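Read off the chains here:
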Amino acid sequence: LDYTNKGKVFACDISDTMLQWMEENVCPMYPDIIPVNMQESSVPLDDGIADIVYMMSLHHELEEPLRILQESFRLLKNGGRIFIVDWKKEDMPIGPPTDIRYEPERVREQLLSAGFTDVEIFNEMPKHFLLLARKN
C-alpha cells in the first residue's frame, strides 16, 4: 500500500509488545504509521484529530465499550466515521467464545448512545459484521 501524502495513521494499542513490534517491523517501511500507547478507554490524542476510527475484532474484548465509543467520538472530526468489525454471535470453530460476542444491533445502540448517527449494519461477511457510523 502506498500511504504517501495520505495523512497519518495512529495505530493505537494497549500492548507494549504490539507497539514495539510495529515500531520495529512497520514504521521503517511506513513512517506515517505512528504507534500510540493507549488505555482501554483513553487515547492520548487531541480532540477532532481523526477522519476515521477503525476497530477490528476488538469490541467483544472491551470491558466498557461505551467509553471507548465516546472516546472515538471525541477523536473524530465532524463528519468523521467509525468502522467496527467484529465476530458474529454465532457458534463457529474459530474466534472468541460465543457468549462474549455482540449482536450488531447492540453495538448500534451503543454507537447511538455515544452520539453517533447514520449507523449502518452490514452482515454479508461469513464470520464478521461491520458497522459504520458518523459524527455529525
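The structure we're discussing is the one just above.
Residues numbered from 1 in each chain as written. Predicted model: local features only at pLDDT ≥ 70, side-chain atom pairs only at ≥ 80, totals over all residues. Heavy atoms only, no water.

Burial within strand β6 (residues 128-134) is extensive, with 6 of its 7 residues counted as buried. Bridge count between strand β4 (residues 76-87) and β6: 7 bridges; the pairing is antiparallel. Within β6, the position partnered with Phe83 by the bridge is Leu132. Count of turn residues in the strand β5 (residues 117-122)/β6 antiparallel hairpin: 5 residues. (Buried < 20%, exposed > 50% of the residue type's maximum accessible area, 1.4 Å probe, protein only. Helix = DSSP H or I, 4+ residues; strand = E, 2+ residues; numbered from the N terminus. Pairing = 2+ DSSP bridges.)

On to the packing of aromatic side chains. The relative placement of two aromatic rings is captured by the distance of their centres and the angle of their planes. Going through the model one piece at a time under the given rule, you end up with 1 aromatic pair. Pairing Phe73 with Phe116 gives two aromatic rings, centres 5.1 Å apart and planes at 85 degrees, and the pair type is edge-to-face. Taken as a pair, Phe73 in helix α2 (residues 65-75) and Phe116 in the loop between α3 (104-113) and β5 lie far apart in primary sequence, 43 residues in all. The residue whose ring lies beneath Lys135 is Phe73, and the NZ or CZ to ring-centre distance is 4.8 Å. (Phe/Tyr/Trp six-rings, centres within 6.5 Å; stacked < 30°, edge-to-face > 60°. Lys NZ or Arg CZ within 6 Å of the ring centre and 35° of its normal.)

All chains considered together, the criterion is met by 0 disulfides. No disulfide involves Cys12; its sulfur sits 12 Å from that of Cys27, the nearest cysteine. Using a relative accessible area of 30% as the deciding quantity, one classes Cys12 as partly exposed. (Disulfide = S-S within 2.5 Å.)

One finds Leu69, Ile82, Ile84, Val107, Leu111, Phe116 and Leu131 to be the most contacted residues of the largest nonpolar core, which totals 23 residues. Elements represented by at least two residues in this core include exactly β3 (50-56), α2, β4, α3 and β6. Ignoring sequence-local partners within four residues, the contact set of Phe116 consists of Leu69, Ser72, Phe73, Leu76, Ile82, Leu111, Ala133, Arg134 and Lys135. Core analysis: the next-biggest nonpolar cluster, separate from the first, contains 5 residues, Ala11, Leu19, Met22 and Ile33 among them. (Core = buried A, V, L, I, M, F, W, Y, C linked by side-chain atoms within 4.5 Å. Contact = heavy atoms within 4.5 Å.)

Attention now goes to the pairing of β3. Examined bridge by bridge, β3 and β4 share 6 bridges and lie parallel to one another. Note on β4: the bridge partner recorded for Met55 is Ile84. Since β3 and β4 lie parallel, the crossover through α2 that links them has a hand, and here it is right-handed. (Right-handed = clockwise from strand over helix to strand, strands pointing away.)

The values are spatial; any link to function lies outside them.
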